Amino acid sequence: MSDVVIMGAAETDQLGKLPDISTLELHLQSARNALRDAGLGIEDIDGIASVSAPGPVTIAHALGITPRWVDTTSVGGASFLFHVRHAVAAIRAGHANAVLVTHGESGRSRVGAPPWAMAKDSLSGQFEFPFGVLGPPTTFSLPVMRFMKETGTTIEQLAEVAVAQRRWSSQNPRAMFQEEVTVSDVLDSRPVASPLTLLMCCLVTDGGGALVVTSREFAESRGTDHPLVSVLGTGECATTPMISQMADMTRCEQFEVSSRHALQEARMTTSDIDHLMIYDAFAHVPLFGLEDMGFVGRGEAGAFVAEGNTSPGGSLPMNTNGGGLSYTHTGMYGMFAIQEAVRQLRGEAAAQVPDVSTSLVLGNGGMFMSAATLVLGNEAAA
Amino acid sequence: MSTPPKFVPQATPETQPYWDGTAARELRIQQCVPEQHTYFYPRTSCPVCGTEEVKWVTASGRAQLHTYVISHRPAPGFTPPYVIAVVELEEGPRMMTNLVGVEPDPEHLELDMDLVVDFEARGDDVLVPVFRPADSEAAA
Ligand SMILES: [Zn+2]
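Residues numbered from 1 in each chain as written. Chains lettered and ligands numbered in written order. Predicted model: local features only at pLDDT ≥ 70, side-chain atom pairs only at ≥ 80, totals over all residues. Heavy atoms only, no water.

Asker: For the overall build of chain B, give the residues involved together with the corresponding values.
Answerer: Within chain B, the secondary structure is distributed over 1 helix and 8 strands. In chain B, the order of α-helices and β-strands from amino to carboxyl end is α-β-β-β-β-β-β-β-β. By its C-alpha atoms, chain B is 50 × 30 × 25 Å across when sized along the principal axes. Buried residues in chain B amount to 45% of all 140 residues. Within chain B, contacts between residues at least 6 apart in sequence are counted, and of these 48% link residues at least 24 apart. Of the roughly 7000 Å² of accessible surface on chain B, a fraction of 47% belongs to carbon and sulfur atoms. In chain B, 10 positive and 21 negative side-chain charges are present, and the distance between their average locations comes to 4 Å. (Helix = DSSP H or I, 4+ residues; strand = E, 2+ residues; numbered from the N terminus. Buried < 20%, exposed > 50% of the residue type's maximum accessible area, 1.4 Å probe, protein only. Contact = heavy atoms within 4.5 Å. Areas by Shrake-Rupley, 256 points an atom, 1.4 Å probe, with all protein chains shown as cover. Lys, Arg positive; Asp, Glu negative; His and termini not counted. Charge placed at Lys NZ, Arg CZ, Asp CG, Glu CD.)

Printed below as a string of structure tokens:
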């Protein structure tokens with residue numbers, strides 16, 4: 001099977017509050033930055049993938065690309081990991097040579113962004129919205145009480161996730177929040193959806209990122225200023241459109257399934273992974289991810305994080321950009337998790353971990369709705 | 001000052017019997033005929049075995065508190081703090097709801113506590129199922 005690589009990876013010039021840039025322009029700016037990073041031009045790109053709004057047709061047209069392969073998989077914030085997985089298959093099948101995956105979202109400023117969908121006759125409109133839910137903070141939070149009861153995880157351990165990620169973002173000048181916090185700071189912050197407090201909830205920002213995915217042969221024939229990052233294994237899974245219908249509110253089948261497939265394809269186990277990115281919309285999501293993927297046993301994730309294993313200097317550096325809790329979170333954070341894994345594997349991260357040769361990225365889509373996993377590696381992983 | 005109304009759900013043809021049920025203060029759920037798999041939300045085939053041979057049954061209205069959050073942010077028609085919960089019906093399926101008739105305080109909200117269904121208006125002519133502690137006086 002031919003080797004597929006990430007040849008270009010870049011984010012928008014700035015992240016945070018960007019009221020002067022539309023959703024579309026966030027896609028275009030990150031796409032141009034990724035092309036520049038790869039040393040390629042629009043004429044090199046023949047495949048494009050992005051979520052449904054504004055959509056790959058609009059993005060390709062605005063850039064001046066006429067793709068012969070298009071993917072509009074739109075399953076929440078993990079979509080960009082799905083796109084990478086699908087791009088790998090397309091490149092191996094000969095359906096595309098070089099694929100551009102773009103993300104841009106005016107999550108905070110809502111410039112050129114579609115309105116929140118609130119159809120009264122949708123499933124959520126009938127069976128969730130009538131109960132006063134207000135998007136992710138009041139839905140994503142629902143499993144936490146059950147998770148704590150079933151696994152023995154404490155509220156202090158939940159707060160430790162936010163504490164650990166601030167240790168990373170304190171080393172990252174691009175992170176929105178850089179000041180270190182204590183468990184008390186987290187627990188004493190404003191209650192949002194008890195038991196979750198403000199500092200256990202992700203940011204809401206504007207920004208974007210893009211990737212150029214291609215074959216190793218093509219990348220090497222063109223040359224690049226940056227080390228190539230191999231896509232060693234991928235997986236995907238979807239479960240429920242409504243969090244209230246999770247089969248088990250204390251574990252995510254989709255995390256387990258997508259990661260098992262990705263590790264199998266990479267011929268690796270969790271012990272082969274040097275660096276981990278788990279989509280952290282809220283503080284409990286990394287705990288689910290650590291347990292469901294088998295990095296730790298059932299009920300062990302809280303203590304694992306509290307003991308510093310995922311912090312700087314720990315055995316399993318996790319969310320090293322500061323994550324959605326402290327780095328940035330546009331609403332569909334998955335692209336930023338991939339970007340940080342690429343930076344770590346290139347040796348270009350702000351809070352660089354020594355000797356990273358493999359990185360696993362777990363994306364979450366919607367409120368525990370879908371997941372995709374990428375196992376990435378650099379030359380040293382070969 | 002008038003507050004904006006709570007979100008009003010709208011039936012589709014497939015879910016209409018459910019909403020006809022709540023209007024009659026009954027919680028109707030579905031069951032497949034061959035295997036008696038009971039499920040929620042309403043749909044035209046059984047998600048366990050795939051059969052399209054399904055029927056409506058009336059749930060007992062008894063449930064247990066599976067998990068919850070206390071929302072501290074204002075939502076249309078709701079005065080924070082209020083409780084958003086997932087309950088497990090006696091028949092097995094789970095559903096999202098609100099808890100009523102109980103203080104929105106963890107001290108009064110023990111997981112797996114017994115609940116009973118009640119119905120609350122959304123808009124002019126829709127009732128949605130909400131739940132209250134089984135040991136509280138039936139009211140409303
Ligand atoms: Zn059945």
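Read on, since the account is not over.
Asker: Report on the sheet that holds strand β1 (residues 4-11) of chain A, specifying residues and quantitative values.
Answerer: Residues and elements named next belong to chain A. Read across the sheet, 9 strands follow the order β3-β2-β4-β7-β1-β8-β11-β10-β9 without closing on themselves; strand pairing throughout is mixed. The open sheet has two free edges, formed respectively by β3 (69-71) and β9 (275-278), since each of these has just one partner strand. Ignoring which end each strand starts from, the neighbouring axes of this sheet average 25° apart. With 3 bridges joining them, strand β2 (residues 47-49) and β3 adopt parallel strand pairing. Bridge pairing in β3 places A49 opposite D71. Of the strands in this sheet, β1, β2, β3, β4 (98-106), β7 (206-215), β8 (229-238), β10 (358-365) and β11 (370-377) are in contact with helix α3 (residues 79-93), which crosses β8 at around 115°. Most of the contacts of helix α14 (residues 334-346) go to β1, to which it runs at about 110°, and overall it touches β1, β4, β7, β8, β9, β10 and β11. (Pairing = 2+ DSSP bridges. Axes fitted to C-alpha atoms, helices over the stretch in contact; angles between N-to-C directions.)

Asker: So, the UniProt feature "domain: ChsH2 C-terminal OB-fold" (unreviewed entry) in chain B: which residues are in play, and what are the values?
Answerer: Sites flagged by UniProt as "domain: ChsH2 C-terminal OB-fold" (unreviewed entry) map to residues 56-118 of chain B. Regarding residues 56-118 of chain B, the helix share stands at 0% and the strand share at 49%, and the terminal C-alpha atoms are separated by 19 Å. (UniProt positions renumbered as here; feature names shortened; annotations may be inferred.)

Asker: Before we move on, can you summarise α14(A) with the specific residues and values?
Answerer: Residues and elements named next belong to chain A. In a regular helix each residue adds 1.5 Å, so 13 residues correspond to 18 Å; α14 covers 19 Å between its end C-alpha atoms and thus fits that length. Summarising burial for α14: 13 of the 13 residues are buried, a large majority. Among the residues trailing α14, G347 stands out with phi positive, at a value near 80°. (Expected span 1.5 Å × (residues − 1).)

Asker: Outline the nonpolar core, supporting the account with residue identities and numerical values.
Answerer: Residue and element names in this part refer to chain A. Formed by 140 residues in total, the largest nonpolar core has its most connected members in I6, L290 and I338. If you tally residues by element for this core, the top one is α3, at 8 residues. V5, A60, L63 and L228 belong to the second-largest nonpolar core, a separate cluster that totals 22 residues. (Core = buried A, V, L, I, M, F, W, Y, C linked by side-chain atoms within 4.5 Å.)

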